[in-house]
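A structural walkthrough
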Amino acid sequence: MDKLVIRGGRRISGSVSASGSKNSSLPIIASTLLSGNGTFILHHIPDLQDIKTFTQLLHHLGAETSFSGNTLNVTTGNVTSILAPYELVKKMRASIYVLGPLLARFGHARVSLPGGCAFGPRPIDLHLMAMEKLGARITIETGFIDATAPGGKLHGAHIDFPISSVGATGNALMAASLAEGTTTISNAAAEPEIVTLCHFLTAMGATIRGTGTTELEIEGSQSLNAAEFQNAFDRIEAGTLLAAAAITGGEITVNDVEPEQLKSVLKKFVHAGCTVETTENSVTLKSSGKLIPTDITAKPYPAFPTDMQAQWIALMTQAEGTSHITDKIYHERFNHIPELNRLGANIEIRKNQAVVHGPRTLSGTKVMSTDLRASASLVLAGLVAKGTTEVLRVYHLDRGYEKIEVKLKSLGADISRESYKEF
Ligand SMILES: CC(=O)N[C@H]1[C@@H](OP(=O)(O)OP(=O)(O)OC[C@H]2O[C@@H](n3ccc(=O)[nH]c3=O)[C@H](O)[C@@H]2O)O[C@H](CO)[C@@H](O)[C@@H]1O
Ligand SMILES: C=C(OP(=O)(O)O)C(=O)O
């Protein structure tokens, strides 16, 4: 297994490019299952474990893929299987994204139920509700979702989501693009990753109105085509890199971003005392050397993202006073807190809120977490901690950060990847 070894105390400064977005790549790759015509050419796909797992799932279904220099080619003409097995789904909850495309194209899908999650309940009832609205009959037996479209086709419908769900909106969009008739989705997720998915489906020939809003209308197509497409940047990776500069009193420019997508996060950095400047495709953050306590509440876009909540908590351990970090999406997403406290932080959990008492001098030790962003928060803490911090089980980070240690090293961090044995 790999660990990251960080000797803290170095300022993060310099410029770096954001990688392609993990969370838009996954539904894009799933959407390739909607078409049997031609080869997809997908650019700016990050080289991440989640992408490898997803392409393994596509291979299992019969697709052909090749990946080189962040371009993924996918041919789905030979897909014959409609079965997403437990062995692959358990590695990545986003595998549920194959449900809509398989069902819409083949009229049948069998997808293993995703397993438990490291940060509390993550049900899939809204995905299933959306498929049922589109006409699917669904049974759940022996750990599998078995979904069938009577007559082999899904039918347009009105889907009204009781809460905003990125994944369920994505699945509904993909399925509706190949359904007969028109589908409307109310209370759709409007996250940038859903906007990117809408652009991709449109490039495949789908007709979607309302892109970027919470009311979507999709006219189902009889068939969809392969497309060449440029994936969007990863706003969470970009936010994490900005936080690395902010926590170490540094200065960073993150290139190849759309600052508009980072608005809620940038606003909070400014409140925390950092100077932020943007161009059309870059963000520059300068630390003032002093962090002001800044509360955040994670909610659906355009509010502050839950995927940046853990990193914000790490940052606030260095702020001069108390801050409150509330997560209204995942009420139990606080795995990082006991580990941050082991590094010397003083953080209390009150229901779905973390109360961070800063500033605290952190001191390095071995830490570990069981999810991606929690691990990212430990890396941030390690950058500012005295001595050496070892972040164990780096495979969580590798799910979502492309060459994180290479990027941080190029920005001045003293960080290396080493292998170790766990007893
Ligand atoms: C691969 C990917 O893109 N993952 C992101 C996606 O996850 P994911 O798509 O799984 O998250 P959702 O937007 O669906 O979850 C939002 C809320 O809805 C609830 N819910 C969701 C589905 C469902 O069927 N029933 C239900 O109750 C969830 O428990 C959660 O409280 O959006 C989350 C919220 O921005 C991010 O943290 C994840 O990084
Ligand atoms: C939670 C995340 O991803 P996933 O939904 O794939 O677990 C994330 O990207 O922070």
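The protein chain carries the name UDP-N-acetylglucosamine 1-carboxyvinyltransferase in an unreviewed UniProt entry, which gives Chlorobium ferrooxidans DSM 13031 as its organism. In its Subcellular location (unreviewed entry) section, the UniProt record describing the protein chain reads: "Cytoplasm". If you open the UniProt record of the protein chain and go to Catalytic activity (unreviewed entry), you find "phosphoenolpyruvate + UDP-N-acetyl-alpha-D-glucosamine = UDP-N-acetyl-3-O-(1-carboxyvinyl)-alpha-D-glucosamine + phosphate".

**Some words on the overall build of the protein chain**
The helix and strand inventory of the protein chain stands at 14 helices and 24 strands. A compact globule built from 423 residues would reach a C-alpha radius of gyration of about 22 Å, and the protein chain, at 21 Å, matches this within 12%. Dimensions of the protein chain along its principal axes, counting C-alpha atoms only, are 65 × 45 × 40 Å. In the protein chain, which comprises 423 residues, the share counted as buried stands at 52%. Contacts spanning at least 24 positions in sequence make up 73% of the contacts within the protein chain whose residues lie at least 6 apart.

**Quick look at the sheet that holds strand 2 (residues 13-17)**
Strand order in the open sheet formed by four strands is 2-15-17-16, with mixed pairing between adjacent strands. Each edge of the open sheet carries a strand with a single partner, namely strand 2 and strand 16 (275-278). On average, each strand axis in the sheet is tilted by 15 degrees relative to the strand beside it, whichever way the strands run. Where helix 8 (residues 235-247) meets the sheet, its contacts fall on strand 2, strand 15 (251-255) and strand 17 (282-286), and the angle it forms with strand 15 comes to roughly 165 degrees.

**Quick notes on the site of ligand 2**
Around ligand 2 sit Asn23, Arg93, Ala94, Asp307, Leu372, Arg373 and Gly400, and those are all the residues in its vicinity. Split by residue class, the shell around ligand 2 holds two nonpolar, two polar and three charged. Each of domain 1 (2-18 + 233-419) and domain 2 (22-230) accounts for three or more of the residues forming the shell around ligand 2.

**Comments concerning the site of ligand 1**
Surveying the vicinity of ligand 1 reveals 21 residues, the closest of which are Asn23, Leu126, Ser165, Val166 and Gly167. Residue assignment for the shell around ligand 1 shows that the elements contributing at least two residues are helix 1 (22-31), helix 5 (125-133) and helix 6 (166-177). Classifying every residue of the shell around ligand 1 gives 12 nonpolar, five polar and four charged. Each of domain 1 (2-18 + 233-419) and domain 2 (22-230) contributes no fewer than three residues to the shell around ligand 1.

**Re the UniProt feature "binding site: phosphoenolpyruvate" (unreviewed entry) in the protein chain**
Here the UniProt feature "binding site: phosphoenolpyruvate" (unreviewed entry) sits at Lys22 and Asn23. Mapped onto the elements, Lys22 comes out in helix 1. Apart from residues no more than four positions distant in its own chain, Lys22 is found in contact with Pro46, Leu48, Asp50, Asp234 and Gly400. Following the sequence through the fold, Asn23 ends up in helix 1.

Thresholds applied
Think of each chain on its own: its residues are numbered from 1, step by step along the sequence as written. The lettering of chains begins at A and the numbering of ligands begins at 1, in the order of writing. Local features are withheld for residues below a pLDDT of 70 in this predicted model, meaning they are given only at 70 or higher, and side-chain atom pairs are given and counted only at 80 or more; totals for whole chains, interfaces and linings count all residues. UniProt positions are given in the numbering used here, feature names are shortened, and annotations may be inferred rather than shown by experiment. Counting from the N terminus, the helices are DSSP H or I runs at least four residues long and the strands are E runs at least two residues long. The globule rule used for comparison is 2.2 Å times the number of residues to the exponent 0.38, while the radius of gyration itself is calculated over C-alpha atoms. Neighbour density around each residue's C-beta defines its exposure: 20 or more other C-beta atoms within 10 Å make it buried, 12 or fewer make it exposed, and counts between make it partly exposed, where C-beta atoms are placed from the backbone. Residues are defined as contacting one another if the C-beta atoms placed from their backbone atoms lie within 7 Å. The pairing criterion is simple: DSSP has to find at least two bridges between the two strands. Axis definition: a line fit to C-alpha positions, over the contact stretch in the case of helices; interaxial angles, taken between N-to-C directions, run 0 to 180 degrees. Any residue whose C-beta atom, as set from the backbone, lies within 6 Å of a molecule or strand is reported as near that molecule or strand. Amino acid classes used here: Ala, Val, Leu, Ile, Met, Phe, Trp, Tyr, Cys and Pro are nonpolar; Asp, Glu, Lys and Arg are charged; the rest, including Gly, are polar. Either an automatic procedure or a domain database provided the assignment from which the domain bounds are taken.

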